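Topology and contacts: notes
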Number of protein chains: 2
Amino acid sequence: MTENEKIRTMVMIYGEQYTISGTETTEHMQQVASLVDTKMREIHSVNPNLNTSSLAVLTAVNTIHEYIKLQEKYDKLVEEFKQLKD
Amino acid sequence: MTENEKIRTMVMIYGEQYTISGTETTEHMQQVASLVDTKMREIHSVNPNLNTSSLAVLTAVNTIHEYIKLQEKYDKLVEEFKQLKD
């Protein structure tokens, strides 16, 4: 896919507009944006004094933490899968 | 684990210090912080005009996108796993 074929999607996250470009559908990107927005609002409700920048950084921290945990679960399942096939 | 038993870890992300508390080890949280820092710097190198807040929001967007993709892979593997066991 060339640069011209990329889909550009406008999304709103925590009151700010962002343009995201990629090969995914607009629906997928809206879903992703909505999840980031929700996470930022959750962290804000627990830490109302954080500014937007810190909220966004902590949202990224939280998300990468969850990604690593899922990756560990995935790797474990791949191992079990291999053993079952052998 | 009670609130008192939570581990508090000081991390540096994109030049700012954050305190993260959770049940994970300090090493895990340092790894997470380092990944967020790296992703923010990658996005900055492509979009040098973005401020810290936008960089962090786009880092979260990017990570949630990857999380959803991994979740789909995981779900597919679970399905294959079930079929193999039957």
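The shown structure was predicted, so the numbers you read here are calculated from the model rather than taken from an experiment.

For the rest of this paragraph, the subject is the packing of helix α2 (residues 52–85) of chain A against helix α2 (residues 52–85) of chain B. Axis separation between α2(A) and α2(B) bottoms out at 8 Å; the angle between their running directions is 20°. When the interaxial angle is binned, α2(A) and α2(B) end up roughly parallel. In this structure, α2(A) crosses over α2(B), and the sense of that crossing is left-handed. When grouped by side-chain class, the residues that make up the contact of α2(A) with α2(B) number 22 nonpolar, 10 polar and six charged.

Residues and elements named next belong to chain B. Pairing of strand β1 (residues 7–13) with strand β2 (residues 16–22) involves seven bridges; the strand directions are antiparallel. In the strand pairing of β2, threonine 9 is matched with isoleucine 20. Between the antiparallel neighbours β1 and β2 lie two residues, among them tyrosine 14 with a positive phi of about 50°.

Let us now look at the interface of chain B and chain A. Accessible area lost upon the coming together of the parts is a frequently used measure of interface size. Between chain B and chain A, the contact holds 30 residues from the first and 30 residues from the second. Looking at which element gives the most residues to the side of chain B that touches chain A, the answer is α2(B), with 23 residues. Residue composition of the side of chain B that touches chain A, grouped by class: 21 nonpolar, six polar and three charged.

Residues and elements named next belong to chain B. Two elements in contact, helix α1 (residues 26–46) and α2, have axes whose closest approach is 9 Å; the angle formed by their N-to-C orientations is 110°. Relative to α2, α1 is oriented roughly perpendicular. Across the interface between the two elements, Val36, Lys39, Met40, Ile43 and His44 of α1 pack against Leu55, Ala56, Leu58, Thr59 and Asn62 of α2. Considered class by class, the residues forming the contact of α1 with α2 number six nonpolar, three polar and one charged.

Residue and element names in this part refer to chain A. Phi is positive for tyrosine 14, which is not a glycine, with a value near 50°. Inspection of the secondary structure puts tyrosine 14 in the loop between β1 (7–13) and β2 (16–22). On the neighbour-count criterion, tyrosine 14 (19 C-beta atoms within 10 Å) is partly exposed.

What follows covers the nonpolar core. Val36(A), Val61(A), Val36(B) and Val61(B) are the most contacted members of the largest nonpolar core, which totals 31 residues. Those elements giving two or more residues to this core turn out to be β1, α1 (26–46) and α2 of chain A together with β1, α1 and α2 of chain B. What Val61(A) contacts, discounting residues up to four positions off in sequence, is Ile20(B), Val32(B), Ala33(B) and Val36(B).

In this section: the relation of the copies chain B and chain A. The two copies are related by a screw operation: chain B maps onto chain A through 180° of rotation and 0.1 Å of translation along the axis, at an RMSD of 0.2 Å. Accordingly, the operation relating the two chain copies is best matched by a two-fold axis. Of every C-alpha in chain B, the one belonging to Ser53(B) sits nearest the axis of rotation, 1.8 Å from it. Of all interface residues in chain B, 100% are interface residues in chain A too; the two copies therefore contact each other through one and the same surface.

Quick look at the confidence of the model for chain A now. Residues and elements named next belong to chain A. With 95% of its residues at a pLDDT of 70 or more, chain A has an overall mean of 91. By mean pLDDT, β2 is the weakest element of chain A at 91, and α1 is the strongest at 95. This prediction of the complex comes with two scores: 0.86 for pTM and 0.86 for ipTM.

Note on placement: Gly15(A) falls in the loop between β1 and β2. Sequence separation of Gly15(A) and Asp37(A) is 22 residues, and the distance between their C-alpha atoms is 8.7 Å.

Rules of the game
- Residues numbered from 1 in each chain as written.
- Chains lettered and ligands numbered in written order.
- Predicted model: local features only at pLDDT ≥ 70, side-chain atom pairs only at ≥ 80, totals over all residues.
- Axes fitted to C-alpha atoms, helices over the stretch in contact; angles between N-to-C directions.
- Helix = DSSP H or I, 4+ residues; strand = E, 2+ residues; numbered from the N terminus.
- Parallel < 35°, antiparallel > 145°, perpendicular 65-115°, else oblique.
- Left-handed = near helix turned anticlockwise from the far one by under 90°.
- Nonpolar A, V, L, I, M, F, W, Y, C, P; charged D, E, K, R; others polar.
- Pairing = 2+ DSSP bridges.
- Contact = placed C-beta atoms within 7 Å.
- Buried ≥ 20, exposed ≤ 12 C-beta atoms within 10 Å, placed from the backbone.
- Core = buried A, V, L, I, M, F, W, Y, C linked by C-beta atoms within 7 Å.
- Least-squares fit on C-alpha atoms with pLDDT ≥ 70 in both.
- pLDDT = per-residue confidence, 0-100.

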